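Tertiary structure, described
Spelled out from the first residue to the last, the chains are:
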Amino acid sequence: MARSRVLTGWNLFVFGSLFQAVVVVLADGMNFRSFYFTEEPTDIIVQKGQPAILNCSAVGDPAPTIEWKKDQLFLNLVGDTRRTILPNGSLRINNVTHSRNDRPDEGLYECVATVDNLGTIVSRTARLQVATLGRFEEEPRSTSAFLGDTAIFRCSVDAVPPAKIRWQKNREGIETSNDIDRMIVLPSGALEIRDVQMSDETSYRCKATNMEGTRRSEEERLTLVYGGSRTRTPEFVNTPQNTEVIQGQEVILECAANGLPEPSMSWWKDGQPLAPGRDPESHYSFVGNSNLRIRLASESDSGTYVCSATNVLGTFDARAELLVQVPPRFEREPSSLHAYMNTDIKFECEVYGVPFPTIEWIKNGDIITPSEYFQIVDGTNLKILGLVKSDEGLYQCKARNKIGNIQTSAQLIIVNRDVPLPPKSILTSTTSQPPTEMSGIYTSPATGLTPTYPRDLVALIRSTRFVTLSWREPRLTHGNIIAYSVYFRRQGSPRERVVNTTSVMQVTVHDLIPSTRYEFRVKAYNDHGPGESSAVAYIETQPEVQVPGPVLHLRGVAVSTTAIKVYWDPPSHRNGEIINYKIYYAQTARLNSEEDVNHIGMQFTKSGLKPYTDYTFRLVAYNENGPGVSSDEIIIRTYSDKPTEPPANVTIIPQSSRSLEITWDPPPLDACNGEITGYKIRWKQSDRRQSNPITIQGGLRSFIVGELDRDTIYEIKMAAMTVNGTGPPTDWMEGRTLENDLDETQVPPEPTSFKARPMTDTIVVLWTPPPVESNVMVRGYTIGYGIGIPDTITIDIDDPSRRHHTIKNLQPSSPYIITLRAYNNMGSGPQVYQTVNTRAESTTLAPPPARSSTTTPEPTKSLWPPVGVKAIVLSSSAVRVKWSDSTLNNKQRIPDNRIYTVMYKTNYPASAKPRYVNSTALEYTIDELKPGTMYEFTVRLTKGKKTSAWSLSVFNKTHESTPGTAPRTLTIVPVEGKPSVINLNWQPPKSPNGRITGYIIYYTTDNSQRDHDWVIMPYVGDRLTATIDDLTTDTTYYFKIQARNEEGVGPMSEIVEYKTPQDDGFGGGVKNQGTGSFVGGSGREGPTTSAKSDDDGEMSNMVIWIVVGCIVAGCFIIGALIFAIYMCNRRSDSMMAKKRKQGGAYKAPPKGAKKPGAKDVKPPDLWIHHDQMELKQMEKPPMPEPMTQIPRNPDDMKPLDDPSMDTLTKRNSFTGDDDPDLTSGDRTRPPPEGKRKPIMIPVDPQPPPPRETIATATVLPNGSVSPPLRPSYPKTQYNAPSSGSGSTTRNPNIDQPEFRVKTQFNYPMTRSKSLERPGFMTLSSSGYQSDNTTVSSDDGNKTLPPSLATTRPGHPLKSFSVPGPPPHYSSNPAAAQQKHLIKPGLPGQVSPHKKATVTVSGAKTRMQPMPVNTPRAPDVAVRVRGDNPAENADGKSFSTEDLNAEMANLEGLMKDLNAITSTELDC
């Protein structure tokens, strides 16, 4: 036992060691390996013919292999003696080749390092340039200047590297000149000469030098100008230019101006003044005359710089933009990752630079092209979907802008599912790991404790780009299910992705492709690990309209103050040829201001925009299927500009005898054209020309100009400034300083001449200031008012120059106490009072009621009312009312304090009350009106205590405006029985602001989308309901609506959340905001979403049950009728079969016998016309035609060899060979026994109509008849199967099939001419002949009367409703037509049973009908004509055998007709 234990322990030790070694090996394969560049190539400039070295080295295990790329192509250095790779990996070019037509060495170089079984990395890109010194781009030009001015000579040259510019004066360097302190060479190469002296009048030239050589320009001369005006406005001789500088470098913004007096120079940055000095170590300093130097430029130095030149004649500005460029740098580098197969990962790479760098991802040296599985997300990050083993390798993030590029790398290792991830591994999967893997515990599924496969995996929702899946729990869970993993991939793709979810058995898979078939499967997880995989479900996403996708890389830039240029790349999914692009743009500050324009091309410049205004741009591509997906919006601001209007409300207030205060408001917002950075004020005495400028900050609203003369008139004007310059100034405005300084050591006295004019809901207050002789400063006035109590409400008026004020929103017919007092810095002075009553309300335009007895009566002579009243509509809410006063002179100047009252009202609603406003001028602008509303205006004059009548009324309608409110009470009503259809109802907006021309309905399944991404359904007209169909069942939708009129669209309504019912009609409804549940759906979850009550629901259910009951009853009745018809037909069939078994022929019932329950039935009508039952029509032969016996039983029937008999077989409309009721016995029944009943055979004596020959049969030499050619007419045929060709001799020893008669009718009714012949019809080769007939029988001879041939009126076969044959138009109408084809027998064949002959005389007298006793005669063979020499030449036969044969034929026809008519009458 002990030995066994020792062995067991040893085994455990060995197995443990092996396992540890395996783990070490696996762990070593999972470790990230160090591989990076220690030196990367940099940009170099070399001279032609000189050697060049591009440095590169990298470390790795094993040592990496180095290769080089030039312009993205690998260099083939095999056998190249001019270019070699050094041992450390650097590239050496022995001599750089460069010519005008051949530049093989210039370009972009990259170092490529590779480690086997690890991957490849690529270095940063380095540029190799060959030094050049080109021609001068700008050479000096002769210039002139006044003494003391600044002169500028310019010089620039195209050179690599940039050339150094030096200047020569008289061909001597200025460095050696004595005037070096006045001359400076600027970075642009320009020479600036300050304070020009007479010694400067000479020639100058520049010299450009770099490593390639030296160039000298032509000499130009500086000329002095003498004399001129005493003053000159500032004029720029050098202006700052838009400049780009790399961070950390020094930059100089050039600026110089001349003027007289010499202008003062100042600099502003983004509207803020700068204070540069002469210290070169400070951040801002002056260089030369007024050039601005910025030392160690940083990103914060980017902005707009303005150089301002000012003298007494004005201020002028020059602006420039400075952009400090920042090389790319990594804010966050990608990290190396371990990841499982089928998961999604994301490499994060955050960069920064100015301009913003572009990102390029590289895998093992190859640039990654974005695709379905490799996506660039968030602009810079790389996302890989559905990892496969081949995704392992090295990934590089490479960032570049115009001044540099950088790169960094990370490694990806794919780990098998049965290996736990290293603890320090970083997994940025967008789909979480499986549960056991997330917990770091792995248990093999072979333990038998894992779940079985999930069941019934189905798609609940199939959309274009997502699928919602659902499944059932596994049959055997073996514990609690903690999570599920859903694996999916495109059919045929090796990349399988996974989405994990909790124990909820439903998940939505996003980022799918439209019209694509996917494979889905699910695994369940319990505490022991993953279970079995479910069966694969194949699901195809919905097709998407083949419209273009969004455009790529939409970007834009302002190109001027009124223009923006946008660029873009075409969509990645075009789905056809792009026809054009629609560009949408709008001001961000204005709602519903979006406009659009169509364009073809990849860039577009929109002009006519407002300066310094933010605009949004988005693009939609169009193909032949319509508009595509909108791009994201970008916001671009136009450049700022100078203000286009002066400051507003400029007021000059004397502060003292030595100062004036100026107050103002900024220019209107749409006229500022940028941020107001300051104001320029110019002031002067009114009698002088020279003015004094003052520049103040832009945030001020008042300024005091001091040190003025006492009691003097000054003129002042001002203008607003932006970084772009100064706007237009105001007109000169006058202000007078006080004669003596006002006293502010005491409060002001009370105002004088205080009056209050009451209206219905307003009171106009008029006053004059305190007496001037008081010499007390007044800063403003305070007005107080209240009903019966003063100073309930107070209003401060800060403008001491104001002389009137209107108190609004008062109550009609109310006593108000009005107070007024002046104030200054010491406080408020004494107040004055007025008590007035507001007027009563009036709904008519009649004059106000007469004054009370306490007031002064109206004078006998009233004032004339205003005339020429006009109402001018200014906007949707403002109307300017103008009028003329007939009591004034022609200039319409108002000399006194008269008041004009304007009354206005609208007639909608009818109870609207008129409103009143007062004016002291001949016009008044009324605002706060309703848009799109008709108003009535009238004016009257009040002068003192006199009041005129109201003027004639004028009407005008305000402009329409966009709807002020949204449509109201948006409700959703589901359509019963259609879960994907709903009806929307709403009410018009409360403030339509015009005629509503339509509504726009928005709905979506994601309410976080922007409005233009919702589904938009416009409706024209004022309809208040709409139907929306094709909704997805069991899906939550969000609805909102807005109204529109001629001016635009109004605000959106509140969002209504609605869930469509399920496919079975249950569930769904409108979401209750209080409870959060959906109510108002169909089925068990709640009532319908319509506004019907419960009674209405019961009524609707009752109607449904009534309709269902009616349908069921109708089906029952129809079924009963079908059953009755079926039973009747079945009874008819059974009776016919029974009668056939009993003998087939018609047997008359005994006299007086009736069928049970049957009525008396008239015997069948047997008027027969044989021409409607004929088989063939035969031409009259030149020789007698034989006749063939018609057998009536099997013994008499002999097979015929004539093949034409097969073509004579036709179907009868009543019976046939395929009749299921006929048995074999029926087909071979024996002839009936007994004596025939007598029957009546009337024959039509009328002559038959002519008819066409139906068929012709020719007697062949062997005695058979050739098959006739006949049209498709109704015919009676005798079917006898033929046994091939040969003799037609009857063999009495062989049983023959029964002879059958079939009839077809398919031509219109017509009378048969052959049946209209008088007399009895006898069958012969020539046809039927009518005559008195003697019939020989067992009872003796009987004569048939002539009247026997008389037919009943009507059609000859009316009992069968058989149409007659077409008429015959033979040339011989008297010729008899053969009615039946008699198959000829062998010559000499005679009947074995002979009967008495029937003699037919040639008399044609009419006979009365008489009964005919038809004898029972055996079937006899008809003698062939021509064997009897007694036959005459015309073919007529009078022998007894012929007559017997004819009678036998007639007897057979009667039996078949009796059988047919009896079965037809049974039902």
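Here the structure is shown first, and the text comes after it.
Read on for a plain summary of the structure. Counting from 1, residues in each chain are numbered in the order their sequence is written. In keeping with the model being predicted, local features are shown solely for residues with a pLDDT of at least 70 and side-chain atom pairs are shown and tallied solely at 80 or more, while totals for entire chains, interfaces and linings include all residues. Side-chain metrics in this entry use all non-hydrogen atoms of the structure; hydrogen atoms and water are not considered.

So, the packing of aromatic side chains
Quick note on the threshold: We call Phe, Tyr and Trp rings a pair once their centres come within 6.5 Å, taking the six-membered ring for Trp, and we label the pair stacked below 30 degrees between planes, edge-to-face above 60, and tilted otherwise. Numbering of helices and strands runs from the N terminus; a helix is a DSSP stretch of H or I covering at least four residues, while a strand is a stretch of E covering at least two. For the exposure calls, accessible area comes from a 1.4 Å probe over protein chains only, and a residue counts as buried if that area is under 20% of its type's maximum, exposed if over 50%, partly exposed in between. Lysine and arginine charges are scored as sitting over a ring when NZ or CZ, respectively, is within 6 Å of the ring centre and within 35 degrees of the ring normal.
Here the structure, examined in full by the defined rule, presents 22 aromatic pairs. A ring pair is formed by Tyr-585 and Phe-617, whose centres lie 6.0 Å apart and whose planes are at 25°; its orientation type is stacked. Linking Tyr-585 in strand β52 (residues 580-587) with Phe-617 in strand β55 (residues 614-623), this pair joins segments that are 32 residues apart in sequence. Its relative accessible area of 0% is what places Phe-617 among the buried residues. Ring centres of Tyr-935 and Phe-937 lie 6.3 Å apart, and the angle between their planes is 35°; on these two criteria the pair is classed as tilted. Directly above the ring of Trp-732 sits Lys-684, whose terminal nitrogen or CZ lies 4.8 Å from the centroid.

Overview of the state of the cysteines
The line we're drawing: When two cysteine sulfur atoms are found within 2.5 Å, that pair is recorded as a disulfide.
Tallied over the entire structure, the rule returns 4 disulfides. Covalently, Cys-56 is tied to Cys-111 through a disulfide, its sulfur atoms 1.9 Å apart. In this structure, the disulfide formed by Cys-56 and Cys-111 twists by about -75° around the S-S bond and is classed as left-handed. Separated by 55 residues along the polypeptide, Cys-56 in the loop between β3 (52-54) and β4 (57-59) and Cys-111 in strand β9 (residues 107-115) bring together distant segments of the chain. By relative accessible area, which is 0% here, Cys-111 ends up buried. Shown here is the disulfide that connects Cys-155 with Cys-206, its sulfur atoms set 2.0 Å apart. Taking the torsion about the S-S bond as the criterion, the Cys-155 to Cys-206 disulfide, at about 65°, is right-handed. Highlighted residues: Cys-155 in the loop between β14 (151-153) and β15 (156-160) and Cys-206 in strand β20 (residues 203-210), separated in sequence by 51 residues. Residue class for Cys-206 comes out buried when judged on its relative accessible area of 0%. Here the protein chain pairs its bonded cysteines, counted in sequence order, in the arrangement 1-2, 3-4, 5-6, 7-8.

A closer look at unusual backbone geometry
Each neighbour pair has its own omega, and for Leu-260 with Pro-261 the value is -5°, a cis peptide bond. Mapped onto the fold, Pro-261 is located in the loop between β26 (256-260) and β27 (264-269). In this model, Val-354 is joined to Pro-355 through a cis peptide bond whose omega is -5°. Tracing the chain through its elements places Pro-355 in the loop between β35 (350-354) and β36 (358-363). For Glu-928, which is not glycine, the phi dihedral falls at a positive 60°. As for its placement among the helices and strands, Glu-928 is situated in the loop between β78 (923-926) and β79 (934-943).

Looking at the sheet that holds strand β58 (residues 648-654)
This is how it is decided: At least two bridges found by DSSP between two strands are what make those strands a pair. A fitted line through C-alpha atoms represents every axis, and for helices the fit uses only the stretch in contact; the resulting angles, taken between N-to-C directions, go from 0 to 180 degrees.
Taking strand neighbours across the sheet as the criterion, the 3 strands line up as β58-β59-β62 in an open arrangement whose pairing is antiparallel. Of all the strands in the sheet, the pair left with one neighbour each is β58 and β62 (702-705). The average undirected angle you get between the axes of adjacent strands in this sheet is 20°. Bridge count for β58 against strand β59 (residues 660-665) is 5 bridges, and the pairing is antiparallel. Across the sheet, residue Thr-651 finds its bridge partner in β59, namely Thr-663.

Any functional reading would require information beyond the geometric quantities listed.
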